[in-house]
Amino acid sequence: MMILRSAPASPFARKVRIAIKLLGLETDVEIRDADTTDPGEVLRQQNPLGKIPTLIVEDGTAYYDSRVIVDYLDHRAGGGKVIPADQKARLDALKLQALCDGICDACLLIVYEGRFRSKEKHEPKWLENQAGKIQRGLAVLEASPPPIDAPPTVGQIALACMLGYRDLRFEGTWRKDHPKLVAWLDRFAAQVPAFEQTRVKS
Ligand SMILES: N[C@@H](CCC(=O)N[C@@H](CS)C(=O)NCC(=O)O)C(=O)O
């Protein structure tokens, strides 16, 4: 049995959880939540970065980060499933994943600024720098939303998880200016039940 160190709100862990469902590996993985802020959390021994998601496989090997985990799981499920085998399609999927994960990184840094620093210590220039990455990334995606394959690629899953995280932590403010992405996410949710099944209920 594999163990996935996870947390319900993490967009990176959600990407892995959706991939697990799509790859038919649900019965092979136990989801075990981790508290990344707890210095005593065993996660820090499993992954020196103390980050989720981290996957521990049967022989005790720990895989991180989410990109490595999805690569491992896709291969374990036969290969070429959510990470296409064809070079062009594969690079398209990985590049889309890199963009959406990068937007999530910027979102997280903004969330952590609020969580770990008192308000008077917030650095507006640095926050604006992160906001710029999010804004430009969303603009590129809105200009040309990707297709939704069956099954979706890891890039398309990453896009859905990133937009879901914008809804969860930023009150869906992205929706007003990105109508094509709103329609894209609606289609994704209809085509991929695992998206709704992994939504944080709160
Ligand atoms: N590039 C990593 C990002 C993972 C990440 O930033 N996870 C966050 C939670 S969403 C985390 O573990 N944060 C705790 C920390 O940075 O200490 C991935 O794709 O897995």
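Residues numbered from 1 in each chain as written. Predicted model: local features only at pLDDT ≥ 70, side-chain atom pairs only at ≥ 80, totals over all residues.

Quoted interface sizes are often the accessible area lost when the parts come together. Per the domain assignment, the segments of the chain are domain 1 (2-76) and domain 2 (87-197). On the side of domain 2, 15 residues touch domain 1, which itself brings 11 residues to the contact. Every element with two or more residues in the side of domain 1 that touches domain 2 is listed here: α1 (11-22) and α3 (66-76). Considering each element in turn, the side of domain 1 that touches domain 2 owes the most residues, eight residues, to α1. A per-class count over the side of domain 1 that touches domain 2 returns seven nonpolar, no polar and four charged. (Domains from an automatic or database assignment. Contact = placed C-beta atoms within 7 Å. Helix = DSSP H or I, 4+ residues; strand = E, 2+ residues; numbered from the N terminus. Nonpolar A, V, L, I, M, F, W, Y, C, P; charged D, E, K, R; others polar.)

Ala19 and Met162 are the most contacted members of the largest nonpolar core, which totals 49 residues. Top contributing element to this core by residue count: helix α6 (residues 154-169), with nine residues. Taken domain by domain, this core gets at least three of its residues from each of domain 1 (2-76) and domain 2 (87-197). In this structure Met162 touches Pro11, Cys100, Ile103 and Cys104, once residues within four positions along its chain are discounted. (Core = buried A, V, L, I, M, F, W, Y, C linked by C-beta atoms within 7 Å. Buried ≥ 20, exposed ≤ 12 C-beta atoms within 10 Å, placed from the backbone.)

This paragraph deals with the packing of α1 against α3. A pair of packed helices is characterised by two quantities: the angle between their axes and the separation of those axes. The geometry of α1 relative to α3 is characterised by a closest axis approach of 9 Å and an angle of 5 degrees between their N-to-C directions. Considering their axes alone, α1 and α3 lie roughly parallel with respect to each other. Contact with α1, carried on its side by Phe12, Lys15, Val16, Ala19 and Ile20, involves Ser66, Ile69, Val70 and Leu73 of α3 and no other residues of that element. A breakdown of the residues in the contact of α1 with α3 according to their chemical character gives seven nonpolar, one polar and one charged. (Axes fitted to C-alpha atoms, helices over the stretch in contact; angles between N-to-C directions. Parallel < 35°, antiparallel > 145°, perpendicular 65-115°, else oblique.)

With an omega dihedral of 0 degrees, the bond running from Ile52 to Pro53 counts as a cis peptide bond. Examined against the element boundaries, Pro53 turns out to sit in the loop between α2 (43-46) and β3 (54-56). Along the chain, Tyr64 connects to Asp65 via a cis peptide bond; the corresponding omega equals 5 degrees. Mapped onto the elements, Asp65 comes out in the loop between β4 (62-63) and α3.

Moving on to the site of the ligand. If you check the shell around the ligand, you find Ser10, Phe12, Thr36, Gly50, Lys51, Ile52, Pro53, Asp65, Ser66, Arg67, Asp101 and Leu108 and nothing else. Those elements giving two or more residues to the shell around the ligand turn out to be α3 and α4 (87-116). Split into classes, the residues belonging to the shell around the ligand amount to four nonpolar, four polar and four charged. (Near = placed C-beta within 6 Å.)

Across the sheet, four strands lie side by side as β2-β1-β3-β4; this open sheet has mixed pairing. The open sheet terminates on both sides in strands that have one partner only, identified here as β2 (29-33) and β4. The pairing of strand β1 (residues 2-6) with β2 spans five bridges and is classified as parallel. Within the sheet, the bridge partner assigned to Leu4 lies in β2 and is Ile31. (Pairing = 2+ DSSP bridges.)

Right, let's talk about helix α7 (residues 179-191) for a bit. When the terminal C-alpha atoms of α7 are compared, their 18 Å separation across 13 residues agrees well with the 18 Å that a helix rising 1.5 Å per residue should span. Every buried residue of α7 is listed here: Leu181, Trp184, Leu185 and Phe188. Down the axis, α7 shows its buried residues gathered within 100 degrees of arc, on one side only. In α7, the exposed positions that point more than 90 degrees away from the buried face belong to Pro179, Ala183, Asp186 and Ala190. Residues of α7 that are buried sit in contact with α5 (124-143), α6 and α8 (193-197). (Expected span 1.5 Å × (residues − 1). Arc of directions from axis to C-beta.)

What follows is about the pairing of β1. Where the polypeptide runs from β1 across α1 and back to β2, its parallel neighbour, the crossover connection is right-handed. Sheet topology note: the β1/β3 ladder contains three bridges and is antiparallel. Paired with Ile3 across the two strands is Ile56, which belongs to β3. (Right-handed = clockwise from strand over helix to strand, strands pointing away.)

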